[in-house]
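Given next are the chains, with one letter for each unit.
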Amino acid sequence: YSFMNGKCEMCKAGYYSEGGVSVCESCPELTWTYQGWSTCRKCPENCIYCEKESGYCAKCKDGYFRTSSATCEACEIGSYLVDGSKGKCIKCDNMMYTDKNASTSCKSCDSTCTSCDRKTGYCTSCKEGWILTNYTCTECKEGSYANSTKSTECKLCPKGMYQPNKGQGKCFECPKYEYQDEE
């Protein structure tokens, strides 16, 4: 309440008075109050701007989105948001991931992957000539190949065939008058 024109008046929303003071004061930044309250309350958690009259969050921290009840919730793992006042969180694109809540960007998956999990960054498939082992891609050695992006082991070139390079998806026939009798 404030004392105006010889009588006490209720402070309007966004203002407060601790009593015995003749004026209502504006709530400090990141606080709010309803009409007639004697103290200001903090804005919702993870809010960087709220309406002084209602406490509704107008803008959330980056990595958080504003709910229909004007509070802030963290973006889930695998998604991000840069401007907390706009829309919902955005899923990471293919070959991108984020492994924590409230992310503001996505990281690139390992370049040896041909696909990866948006929430962990673990490879889910590899280039031809590479194999998937414990969620990472490993290159096949010379003399071996992997012809599928989902291969889990390198296969040795069969008799009569060879592969002189690492990381290949097939073997070649030995040239005429040459041979390879080992796998």
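Our structure is the block above this text.
Residues numbered from 1 in each chain as written. Predicted model: local features only at pLDDT ≥ 70, side-chain atom pairs only at ≥ 80, totals over all residues. Heavy atoms only, no water.

A. Local environment of the packing of aromatic side chains. For the structure on display, the rule yields 5 aromatic pairs. When the centroid spacing of 5.5 Å and the interplanar angle of 40 degrees are considered together, the rings of Trp 32 and Trp 37 count as tilted. By relative accessible area, Trp 32 is classed as buried at 11%. When the ring of Tyr 34 is compared with that of Trp 37, the centres are 4.9 Å apart and the planes differ by 85 degrees; the resulting orientation is edge-to-face. (Phe/Tyr/Trp six-rings, centres within 6.5 Å; stacked < 30°, edge-to-face > 60°. Buried < 20%, exposed > 50% of the residue type's maximum accessible area, 1.4 Å probe, protein only.)

B. Geometry of the environment of Leu 132. Position of Leu 132 relative to the elements: it lies in strand E17 (residues 130-133). C-alpha of Leu 132 to C-alpha of Thr 149: the two residues are 17 residues apart in sequence and 8.2 Å apart in space. Apart from the residues lying within four places of it in its own chain, the contact partners of Leu 132 are Cys 123, Thr 124, Ser 125, Cys 126, Cys 137, Ser 151 and Thr 152. (Helix = DSSP H or I, 4+ residues; strand = E, 2+ residues; numbered from the N terminus. Contact = heavy atoms within 4.5 Å.)

C. Seen up close, unusual backbone geometry. The phi angle at Ala 70 is positive, at roughly 65 degrees, despite the residue not being glycine. Examined against the element boundaries, Ala 70 turns out to sit in the loop between strand E9 (64-66) and strand E10 (72-74). Although it is not a glycine, Asn 134 adopts a positive phi angle of roughly 50 degrees. With respect to the helices and strands, the residue Asn 134 is situated in the loop between E17 and strand E18 (136-139).

D. Molecular detail of the nonpolar core. Counting residues in each nonpolar core, the largest one holds 9 residues, listed as Tyr 97, Cys 109, Cys 113, Cys 116, Cys 123, Cys 126, Trp 130, Leu 132 and Cys 137. Among the elements of the structure, strand E15 (113-116), strand E16 (123-126) and E17 are those that each provide at least two residues to this core. Contact partners of Cys 123, with chain neighbours within four places excluded, come to Asp 110, Thr 112, Cys 113, Ser 115, Cys 116, Leu 132, Tyr 135, Thr 136 and Cys 137. Counting residues in each nonpolar core, the second largest holds 8 residues, with Cys 43, Cys 50, Cys 60 and Tyr 64 among its members. (Core = buried A, V, L, I, M, F, W, Y, C linked by side-chain atoms within 4.5 Å.)

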